[in-house]
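# Secondary and tertiary structure notes
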Amino acid sequence: MDHKGQLSLGYYASIALFVIVLGYLSFQLFQVVPANTNSLKIESTRIDAYQISEILVNDGGSPNDWNTKPVNQIQRLGLSDTAQNKTNLLSGQKISQFKTICDNNFNDVKDLLDIQNDFSISFVNYLTNDKWICKSSGKSSTSFNITRIVSIDGNAFGELTVQVWHR
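Read on for a plain summary of the structure.

Calculation rules
- Residues numbered from 1 in each chain as written.
- Predicted model: local features only at pLDDT ≥ 70, side-chain atom pairs only at ≥ 80, totals over all residues.
- Heavy atoms only, no water.
- Pairing = 2+ DSSP bridges.
- Helix = DSSP H or I, 4+ residues; strand = E, 2+ residues; numbered from the N terminus.
- Contact = heavy atoms within 4.5 Å.
- Axes fitted to C-alpha atoms, helices over the stretch in contact; angles between N-to-C directions.
- Salt bridge = Lys/Arg side-chain N within 4 Å of Asp/Glu carboxyl O.
- Buried < 20%, exposed > 50% of the residue type's maximum accessible area, 1.4 Å probe, protein only.
- Phe/Tyr/Trp six-rings, centres within 6.5 Å; stacked < 30°, edge-to-face > 60°.

## Some points on the sheet that holds strand β3 (residues 131-135)
Taking strand neighbours across the sheet as the criterion, the 5 strands line up as β1-β4-β5-β2-β3 in an open arrangement whose pairing is mixed. The two strands at the open ends of the sheet, each matched to only one other strand, are β1 (89-90) and β3. Where strand β4 (residues 143-152) meets strand β5 (residues 156-165), 10 bridges bridge the pair, whose relative direction is antiparallel. Directly across from Asn145, in β5, lies its bridge partner Gln163. Where helix α2 (residues 92-104) meets the sheet, its contacts fall on β1, β2 (118-125), β3 and β4, and the angle it forms with β3 comes to roughly 50°.

## Considering the pattern of salt bridges
Charged atoms that come close allow side chains of opposite charge to pair. For the structure on display, the rule yields 6 salt bridges. Of the charged contacts, one joins Glu54 and Arg148 as a salt bridge, the two residues approaching to 2.9 Å between their closest N and O atoms. Of the two residues, Glu54 is situated in helix α1 (residues 9-58) and Arg148 in strand β4; the sequence distance between them amounts to 94 residues. A relative accessible area of 25% means that Glu54 is categorised as partly exposed.

## A look at the packing of aromatic side chains
This structure, assessed with the given rule, holds 4 aromatic pairs. Between Phe98 and Trp132, the aromatic rings sit 5.6 Å apart at their centres with planes inclined by 35°, giving tilted as the arrangement. Residue Phe98 is found in helix α2, and its partner Trp132 is found in strand β3; the two are separated by 34 residues along the sequence. For the pair Phe98 and Trp132, one class covers both residues: buried. Clustering of aromatic rings is evident, with ring pairs tying together Phe98, Phe123 and Trp132.

## Let's talk about the environment of Phe119
Its location among the elements puts Phe119 in strand β2. When near neighbours in sequence (up to four residues on either side) are disregarded, Phe119 contacts Phe106, Val109, Lys110, Cys134, Lys135, Ser136, Gln163, Val164 and Trp165.

## A short note on the pairing of β4
The pairing of β1 with β4 spans 2 bridges and is classified as parallel. Each bridged residue has a counterpart across the sheet, and for Leu90 the counterpart in β4 is Ile152. Between β4 and β5, which pair antiparallel one after the other, the connecting turn spans 3 residues, and Asp153 there sits at a positive phi close to 55°.

## What to know about the pairing of β2
With 8 of 8 residues buried, β2 lies mostly within the body of the structure. Side chains of β2 alternate between two faces, with Asp118, Ser120, Ser122 and Val124 and Phe119, Ile121, Phe123 and Asn125 buried alike. Where β2 meets β5, 8 bridges bridge the pair, whose relative direction is antiparallel. Looking at the pairing, Phe123 lines up with Leu160 of β5.

Take a look at the structure:
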């Protein structure tokens, strides 16, 4: 007997099994990807906050005397006192100028630090109890804070906190 053009029951069973396995793998993939995407988002936020704090605390900015220049001549902000070149030693003049730039135009700070996400930078001087915050208007549940204890001009201590969040 010749069965040309007819498919066997085994063929249908193998196709059904293939579709079931493919569907199961697709379902598992769609459950894993969102969890990993959220983890990557959180880790990226943490890295951004740390990098911003590092730049502010351990870099003098560009040019080194940016605090004496108009905003259009500043290439990068950094609060480190380059004259003494010590870790976590900030210049009081640079802190003051940073606050002035932020008060005048928040977007200048965002551009000079090359930050894509929303953020806030707050500073507390423990000696004078001065407090200020430079922040964008948006906020999301995915955020990360980095707090650094710093010395200001070698005669006072303070706290610099950087918070970054994704929209």
